[in-house]
Every structure is written in structure tokens, then in C-alpha cells.
Amino acid sequence: MRNHLSHLLKPIIEAICGELGVSFVPGMLDLQRPPDPNLGDFALNTAMRLAKPAKKSPLVVANLIAEKLAPLNESTRKTCKTDAPLSHLDGFAVPDIPTPVFKKIEVVAPGFVNLFVSECEIENQLVKTLSDPVAALCREGRPDTVVVDYSSVNIAKQMHVGHLRTTIIGDVIVRVLEARGDKVIRQNHLGDWGLPIAMVLMHAQPIMRELEASGKDLVKELPLERLEEIYREATRICAADSAAAAEAHRILVELQNGNAGLLADWRTITRLAMVEVYRIYNMLDVTLTPEHERGESFYRDMLADTVSAIDKTGKLVTSDGAGCVFLEQFRTKEGNPLPVIIQKADGGYNYATFDMAAIRFRIETLRANRLIYVTDARQALHFAQVFALADSIGWTRRDDAVSINCEKVSLEHVPFGSVLGEDNKPLKTRTGENVKLSELLQESIDRAFAVVNEKNGALPEDQKRAIAHDVGIGAIKYADLSQNRNNDYVFSFDRMLALNGNTAPYLQYAHARICSIFRKGGISEESINARPMLVHPAERALGLKLLQFPESVTMVAVELRPHILCNYLYELSAAFSSFYDGCPVLVATSEDEKQSRLALCRLTRDTLARGLDLLGIRTPREM
Ligand code: ARG
């Protein structure tokens, strides 16, 4: 709705600017939602922004705006027609608008223009959404090509709760961008090419040979859990024994030099580890597949060239034997220069080298104009540095900038806080170990089963199990997504599984309740496409709330903060509850009223389902 109004108002504001001799800038179209609905559905703050350059008081400008908007007002145009476009009123050009858009336009000191949208206009927009819900979410302008780097697990370490956030936040970002029509390229930047994997190889190779000799199945005998044990054991040994550490290093160098036997085993170990990772992605409904894997190893043959390309810019200096770039804006607490290390003193490459190679590949080969990285906040400095370096050496300038209407490739780090236990410390098991994600997910599903059993014990066992899965997984995801991602949050099964409050089960239940209205009435939702008639205040409020959906999705796409969509869906459920309390649906007073209210039910159900789907959360029809 806000977007739609901005489009209607823009030519009018531009014309006013012309009259006042002020040049229009988009920021002047400042359309806010006042916190108090008595102040209008929207407040236009344009007068405040125009007053100074126009050398007039805000109130005078506000009155002028109100006057020019009058042709859109109901009092000027009595009828509510859905056809008959009207292009010119009083000689003043307005876009083709079939009906009055506002029912009241109010000027308030010191210079606000409060806008009350007409029911007729809300209804028109709802009809549009009903007929083409996909178009409602489409972005304006040219779609971006976006690389989203998320999940990016490390091979040979179990996924623990720390990987939960990048995986599910990243997956919402890709779903949202895709829904808006962007071209999204998922990248799982696996940690698969460093010392940890060499240490695992060193200890796993003899075990692999033995298993092969006795004809055993590696997938069964070497699950991720076992690989992780091997990794821990190897780390312990290498720390205690410098000869072992030297041997691990030798293996790493050999692997990196392309030793065929090592490479084959490395490949096997990677696949073994990913079996468990995909089992978890699958449980979580995460959209990553093997085709999105492009781990550090992928860049191994580009690293030398990456370093020499940076060297050619003249910025690479040797400091303590290492290849470094010093950028003015990065300094230690003491004010000393802080380098970005691109090549280690022993000639090896590091995390930053891989990322520089990846940035180049993503821009030059994948042709992305937006790169998004989802990792915890502790990596903020790393990304700030590699981004600044890429900018400073010109890698983010696109030679085709004009044709893609993009000055520079945008590099965005999406940081997030930690998951804490009830003791406010990073979530650990009682014995102080990292909590395994798979166990956490299973516990949530088990607990959800108990809730479903209590609510709806008579359902068939299979169905109860399926619902428990959707609710248990949904609860964990939503508890994470509904927090502003920069904050830490406390993991609490009781809170996330509650049927009241801003939780997944609450929203899923709201959705299931609407499905039950249709079920009880023996009505198929698809048959409902009446024009909603907004008579009761709760109907009007619900209609307006429904039209806010695209706006919340846009905000997530821009700010990369899923909690904005969570809050919206929660508000939508509240608006639906008020509607349902005040407006009987199946026993409405007339058939027209019933059809209208069913249309509102359908729109709400569709929006909840679509919104939760963007969050990667399923919506069972019964709970
Ligand atoms: N594997 C890394 C980790 O677990 C995350 C990688 C993030 N992506 C990147 N391009 N650096 O910490």
C-alpha cells in the first residue's frame, strides 16, 4: 500500500516542487505510518522537507499539498467506481485512478498531511492481491544478481548450534530475494582446505584402509561424529607433539600440491561429512544442495594469481615476512596500522586469501552485483577488511556499471549474535561441550509432539508426527529469526514452543484455525474471490494490515533482517484475531457479507502461509 501510494503521489509532489521552484529528490516523498491510527493511515511529511528550500512555512506548503491532493479525495469525488479511469481533474494531472484514494486529508501543525485511505481503495488493492499474489511481492527496477554465502560449515567438525543461525538466516535471505525476482546464487563456502582437514586425513587414512580391506561401508563406519572425534584426537596429539604437528603440516602441503592419493581420501572424507550436514539441512528445510558447494578448496588454483593481482596494485608490502596490505581506516586500539594479511610468511595462504579470490570470482565470473555474507559477528573485522581491500583495488567497480544501473558491487556482511543457554552463557551441554544441532532439533520435535497430542490427541498418529515435526522445527527457526539478529538470544524450549506470544506455534495455530473455518463450512478456499467489503473497523484494519505484507518483505530484502517479517506476521495474526472476534464469518448476516469475510480469511491464510514459507517454516492445516 505504501508503495502504491508513493507512486500515486510522486507526480503530484513533483508538480508542486515545480510550482515552488524546488528540485524534487525522492527523499521528499516521506510517507510514514503514524503510531496512532487517529492521525491517519499514513502521514506525509513532504511539507517539512519542502518548506526550507521553498522559503515558506511548512503549514503553507502542507495546505498547498492538501489542495493538490483534493482530486484524490472522497469528498471531492463522491462515487466509488472500479472502472472509468480518470486522468485529469481541475486541469491538474493525476495518474489513472478509478476511485477516490482518500476519505480524509487533514493538515496538522506544524506541517503534516495526514492521509486516511478510502475503504474503496483498500478493497481495490486487496482484489489485486487476491488475483495475483506473486506480482505483489515483485521488486521494482532491475533484478540484482546476488551471491549469498551462508551456512559455510567446516568439514570434519559437527554442525553445532553456532551453525544454526547462519544457515537459517541465510536461507530466509535467499527465499526473500528470490520471491522479489532477484537472481540468487547460493554459495556454501565450506571450510575444506586447511590444517584441520590435513590432521583428519593423517589419522583417518589408516582407519580407512583397514575398513576398505575388511569390506566395510565407510558411510556407516565413519559418520561425521566419528570424524569429529578423529579431529579432536589429532588436534590434541599435534598440540602435544611437535613431530606430529610437522607431519600434519607436511600432509597439508602435499594435499595442496595435488597428491592424488590424498586428494581421493580428502574427497571421500568431504562426502562422508556432508552426509550428516544434508540430513540436518533436510530436517530444517534448508534449500542448500550439493550444487551450491563451493568450498575454500575450489579457489586453490586461483590463490597465487589473487596475490599477484593485489601485488600489481602496488599495495602489497612485506611485513615480518608476510604479504600484507595496510589500509588507513584499520588500526589497533593503540593506533598502530592493522594489516590485512594476504600471504603467510611461509608462503601459505590464509582465510583472507580465499575470500579475496572468492570476491573476484563472484564478481567477474558469477557476475554478481550484490555479495552477502552471513556469519557471526566475530568475523566483522575480517569482512570489513577484505571488503575495503576489494574496494580500494577497484574490484567492485563493474565495467558494465551503466548497463546494469549499479555504480559499484555492494558487499554486505550480515553479522549475528550468539545463542545462549538459560544461564546467559553460550549454549553448552551440561558437560560443557557444544550442543549438537541434530540432538537439539530432535528434542524440539519430541516436545512439540507432546503439545500436539494434548491439543488434538484424536488425530491419526502419522499426522501427529508430521505436525510435531513442522512445529518443533518451526519453533526453533522462528525463535532465532524473530530476534533482531545483532542480539544474542537465550535458547528456551518452553518459550519457543508456547502457543501464545510471538512464536511459530502461535502463527501456525492462527493459520490452522483459518483452515478450519473453511473445513467447517465445507468451502474450498480457491473458490473464494469476492471483493472484500470493509465495513467493520476490524475488517478495515485487517485489510490495511494485509497490504503491508510486500512492504515488510522489501524491508527484509534491504536490511537483511528477518525479524521484520516475523513482527509483521505476528501483527497480522493479531489483526485477524480482532476481526474474527468482531465479525462472524460462517454465520454472517448476508451471503455477500459472508463471501467478503471469507475473502479476508483467504487473504490472511495465504499471507500467513507465504510469509512463513519465506521464513522456511511449514504451515500444517490442522494442529
Ligand atoms: N567456514 C567459516 C566458519 O565456519 C565461515 C565461512 C564464511 N564465508 C566466507 N566466505 N568467509 O567460520
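This text goes with the structure placed above it.
Residues numbered from 1 in each chain as written. Predicted model: local features only at pLDDT ≥ 70, side-chain atom pairs only at ≥ 80, totals over all residues. Heavy atoms only, no water.

Brief notes about the sheet that holds strand β9 (residues 317-319)
We count it as follows: For two strands to pair, DSSP has to find at least two bridges joining them. Put simply, DSSP H or I for four residues or longer makes a helix, DSSP E for two residues or longer makes a strand, and each gets a number counted from the N terminus. Between N-to-C directions, angles cover 0 to 180 degrees, with each direction set by a line fitted to C-alpha atoms, over the stretch in contact for helices. Any two residues whose heavy atoms approach within 4.5 Å are treated as being in contact.
Spatial ordering of the open sheet is given by β9-β10-β11, a layout of three strands whose pairing is antiparallel. The two strands at the open ends of the sheet, each matched to only one other strand, are β9 and β11 (337-343). Here the average twist between neighbouring strands, direction ignored, is 60°. Examined bridge by bridge, strand β10 (residues 322-331) and β11 share five bridges and lie antiparallel to one another. Looking at β11, one finds that V325 is bridged to V340. Relative to the sheet, helix α14 (residues 380-392) contacts β10 and β11, its axis offset from that of β10 by approximately 95°.

Side note on helix α6 (residues 161-179)
What counts here: Multiplying 1.5 Å by the helix residue count minus one yields the expected span of that helix. For each residue, the accessible area found with a 1.4 Å probe, counting protein chains only, is set against the maximum for its type, and the residue is called buried under 20%, exposed over 50%, and partly exposed in between.
For α6, with 19 residues, the first-to-last C-alpha span of 28 Å sits near the 27 Å given by 1.5 Å per residue. Of all 19 residues in α6, 17 are buried; the element is thus mostly enclosed. A positive phi of about 100° marks G181, the residue just after α6.

Quick look at unusual backbone geometry
Residue A109 is joined to P110 through a cis peptide bond whose omega torsion reads 0°. Mapped onto the fold, P110 is located in the loop between β5 (102-108) and β6 (112-117). The backbone of L560 shows a phi angle near 55°, a positive value even though the residue is not glycine. For L560, a relative accessible area of 3% gives the class buried.

Section: the nonpolar core
Here is the rule we go by: Within this scheme, the nonpolar core is defined by two criteria: the residues are buried Ala, Val, Leu, Ile, Met, Phe, Trp, Tyr or Cys, and they are joined through side-chain atoms within 4.5 Å.
Counting residues in hydrophobic clusters, the biggest one holds 200 residues, and the most contacted among them are L9, L44, L69, L115, V148, M356 and L615. Ranked by the residues each element gives to this core, the list is headed by helix α11 (residues 260-284), at 13 residues. Those residues in contact with L69, other than ones at most four positions away along the chain, are L9, I12, L44, I105, V113 and L115.

Considerations on the sheet that holds β6
If you walk across this open sheet you meet the four strands as β1-β2-β6-β5, and the pairing is antiparallel. Taken across any chain shown, the strands that pair with only one partner, and hence form the sheet edges, are β1 (31-32) and β5. In the sheet, strand β2 (residues 42-44) pairs with β6 via three bridges, with the strands oriented antiparallel. Looking across to β6, one finds that F42 is bridged to L115.

With respect to the state of the cysteines
The following threshold applies: Counting rule for disulfides: a pair of cysteine sulfur atoms within 2.5 Å.
Tallied over the entire structure, the rule returns zero disulfides. Lacking any disulfide linkage, C583 is separated from the closest cysteine sulfur, that of C601, by 9.7 Å. Given the relative accessible area of 0%, C601 is considered buried.

Focus on empty space enclosed by the protein
Applied cut-off: A 1.4 Å probe that fits into a set of points on a 1 Å grid over the protein atoms alone but cannot get out defines a cavity; an open set with protein on both sides within 12 Å along at least five of seven lines defines a pocket, and lining residues are those with an atom within 4 Å of a point. Grid points are joined across faces, edges and corners, and a volume is the space filled by probe spheres set on the points. Under the convention adopted here, Pro, Cys and the residues Ala, Val, Leu, Ile, Met, Phe, Trp and Tyr are nonpolar, Asp, Glu, Lys and Arg are charged, and Gly plus all remaining residues are polar.
Across all of its chains, the model carries two cavities of 30 Å³ or more by this definition. As a volume, the largest cavity reaches approximately 50 Å³. Lining the largest cavity are V451, V452, K455, V471, L499, P505 and M623. With three residues, helix α15 (residues 437-455) is the single largest residue contributor to the lining of the largest cavity. Looking at the lining of the largest cavity residue by residue, the class counts come to six nonpolar, no polar and one charged. In terms of lining residues, the second largest cavity is bounded by D285, H469, D470, I473, G474, K477, G616, I617 and R618. Of the residues assigned to the lining of the second largest cavity, the class counts are two nonpolar, three polar and four charged.

Comments concerning the environment of K220
With respect to the helices, strands and loops of the structure, K220 is situated in helix α8 (residues 218-221). It is 45 Å that separates the C-alpha atoms of K220 and T554, two residues lying 334 residues apart in sequence.

Brief notes about the site of the ligand
Here is the rule: For each residue, the test is whether any non-hydrogen atom lies within 4 Å of the molecule or strand; if one does, the residue is near. Each polar contact in these results corresponds to two N or O atoms within 3.5 Å; when the atoms are within protein, one needs to be able to donate a hydrogen and the other to accept it, and residues that are neighboring in sequence are counted only if both atoms are side-chain atoms. For the accessible areas, the method is Shrake-Rupley and the probe is 1.4 Å, while residue cover comes only from the protein chains on display.
Around the ligand, a shell composed of D149, S152, N154, H189, Y351, D355, Y373, T375, Q379 and F383 is seen. Between the ligand and S152 there is a distance of 2.9 Å, counted from a nitrogen atom to a backbone nitrogen or oxygen. Here the ligand, which alone exposes 350 Å², has 87% of that area covered by the protein. Listed by contribution, the elements that provide at least two residues to the shell around the ligand are α13 (351-364) and β12 (370-376). When its residues are assigned to classes, the shell around the ligand shows three nonpolar, five polar and two charged.

Topic: α14
In this model, α14 (13 residues) spans 18 Å end to end at C-alpha, consistent with the 18 Å of a helix rising 1.5 Å per residue. Three or more residues of α14 are buried, namely H382, F383, Q385, V386, F387, A388, L389 and A390. Where α14 is buried, its residues contact α12 (303-312), β10, β11, α13, β12 and β13 (410-416). At the exit of α14 stands G394, carrying a positive phi of roughly 80°.

Quick look at the side chain of E551
Here E551 lies in helix α20 (residues 549-559). On the basis of relative accessible area, E551 is assigned to the buried category, the value being 14%. In this view, E551 contacts R2 and R33; residues no more than four positions away in its chain are not counted.

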